[in-house]
Amino acid sequence: MQLADTIKEWVVEHQLKAGDRLPGEAELIESHGRSKGTVREAMRILEAQGLVETRTGPGGGSFVAEVSPDRAQSLLANFFYFRDLSIKDIYQIRKLLEPEVAATLAGKLSDEQLAALEAVVAEYSAPAETVEEERAQHVSSLQFHALLASYSDNDLLAFLVRFMARMLTELTVWRRLYEPPNPTLWEAGRRHQLQLIEALRAGDAETARRVMRDHMEGAETQMQAQEAEVLRRFIAE
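Looking at an unreviewed UniProt entry, one finds the protein chain named Transcriptional regulator, GntR family protein and attributed to Salipiger bermudensis.

Set out below in structure tokens:
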């Protein structure tokens, strides 16, 4: 682990980019005074973290890899796996971040980006009639927020919002918070998202911020009620 951290620091100090070649095994052994086994284990750790990729054959070796957002989210999700996250925990963050994302994007989205958001909302144009449809609609609704965040030019803000959407998706599926179907949540969520798209198109930052805040507060209330219903059903069973 110490050697892996040292190699990461070396990559940063030398301003290496994705695709740049790393020193070979023999050079690492000599420069760091470590055994072959230690060097190989350190490189395996970096590969597992998605920071290094190894290529075989002519021109092969170890290279700096660019960690994808999905990979980074998966690693971060592992950290929270054994922590008892609640709907309240997640919405506490969402209520702070997502209204600001909406406000900063007002008037800045292209017709194609707005159309992509409208296409997501069209996936739940009618209330769900089955539990399976309700589950799919919950997932699609959260994808709306992940897609919107991806348009932000603030990479950190976009990552955090998309991570919250992923965590809430997994929490919803894992705890079956989509059951039974909730037409009130569907109607309010879809209405807010359509209002938000219009505010974004019009370049109205304050309305976009207010609509997103209302959306987050209403969704939190409905999801907490859904969570309580699932708990009551579990106890009854």
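Give a detailed account of the overall build of the protein chain, specifying residues and quantitative values.
Looking only at helices and strands, the protein chain features ten helices and two strands. Along the protein chain, helices (α) and strands (β) appear in the sequence α-α-α-β-β-α-α-α-α-α-α-α when read from the amino end. The C-alpha atoms of the protein chain give a radius of gyration of 22 Å, which is well past the 18 Å a tight globule of 237 residues would have. By principal-axis analysis of the C-alpha atoms, the protein chain measures approximately 65 × 50 × 30 Å. When each of the 237 residues of the protein chain is scored for burial, the buried share is 38%. Partitioning the contacts of the protein chain with sequence separation of at least 6, the portion at a separation of at least 24 is 73%.

Break down the UniProt feature "domain: HTH gntR-type" (unreviewed entry) in the protein chain for me, with residues and values.
Under the UniProt annotation, the feature "domain: HTH gntR-type" (unreviewed entry) is placed at residues 1-67. Secondary structure across residues 1-67 divides into 49% helix and 12% strand, with the first and last C-alpha atoms of the span separated by 19 Å.

Break down helix α5 (residues 87-105) for me, citing the residues and quoting the values.
With 19 residues, α5 extends 26 Å between its outermost C-alpha atoms, agreeing within 8% with the 27 Å of an ideal straight helix rising 1.5 Å per residue. All buried positions along α5 are accounted for by I87, I90, Y91, R94, L97, E98, P99, V101, A102, A103 and L105.

Talk me through the domain arrangement of the protein chain; I want residue IDs and the actual numbers.
You can read the domains of the protein chain as domain 1 (1-62) and domain 2 (68-234). For domain 1 versus domain 2, the distance between C-alpha centres works out to 39 Å.

Before we move on, could you go through the side chain of R94 and cite the residues and values that matter?
Mapped onto the secondary structure, R94 falls in helix α5. A polar contact of 3.2 Å, which involves the side chain of R94, links it to the side chain of Y91. A polar side-chain atom of R94 sits 2.6 Å from a polar atom in the side chain of E98.

Account for the pairing of strand β2 (residues 61-64), naming residues and giving values.
Bridge count between strand β1 (residues 52-55) and β2: four bridges; the pairing is antiparallel. Within the sheet, the bridge partner assigned to V52 lies in β2 and is V64. Between the end of β1 and the start of β2, which pair antiparallel, lie five residues, with G57 showing a positive phi angle near 85°.

Before we move on, could you go through the confidence of the model for the protein chain and cite the residues and values that matter?
Per-residue confidence for the protein chain averages 88 on the pLDDT scale, and 95% of its residues sit at or above 70. Highest mean pLDDT in the protein chain belongs to helix α6 (residues 111-122) (97); lowest belongs to helix α4 (residues 69-80) (78).

Account for helix α7 (residues 131-150), with residues named and values stated.
Between its first and last C-alpha, α7 extends 29 Å over 20 residues, near the 28 Å set by a 1.5 Å rise per residue. Considered for burial, the residues of α7 that qualify are E134, Q137, H138, S140, S141, L142, F144, H145, A146, L148 and A149.

Provide a residue-level description of the side chain of Q193, including the pertinent values.
By secondary structure assignment, the location of Q193 is in helix α9 (residues 183-202). A distance of 2.4 Å separates the side chain of Q193 from the side chain of Y124, its partner in a polar contact. Residues within four places of Q193 in sequence aside, it is in contact with V121, Y124, S141, F144, H145 and H215.

Parameters at a glance
Residues numbered from 1 in each chain as written. Predicted model: local features only at pLDDT ≥ 70, side-chain atom pairs only at ≥ 80, totals over all residues. Heavy atoms only, no water. Helix = DSSP H or I, 4+ residues; strand = E, 2+ residues; numbered from the N terminus. Rg over C-alpha atoms; globule rule 2.2 N^0.38 Å. Buried < 20%, exposed > 50% of the residue type's maximum accessible area, 1.4 Å probe, protein only. Contact = heavy atoms within 4.5 Å. UniProt positions renumbered as here; feature names shortened; annotations may be inferred. Expected span 1.5 Å × (residues − 1). Domains from an automatic or database assignment. Polar contact = N/O pair within 3.5 Å; in protein donor to acceptor, adjacent residues only side chain to side chain. Pairing = 2+ DSSP bridges. pLDDT = per-residue confidence, 0-100.

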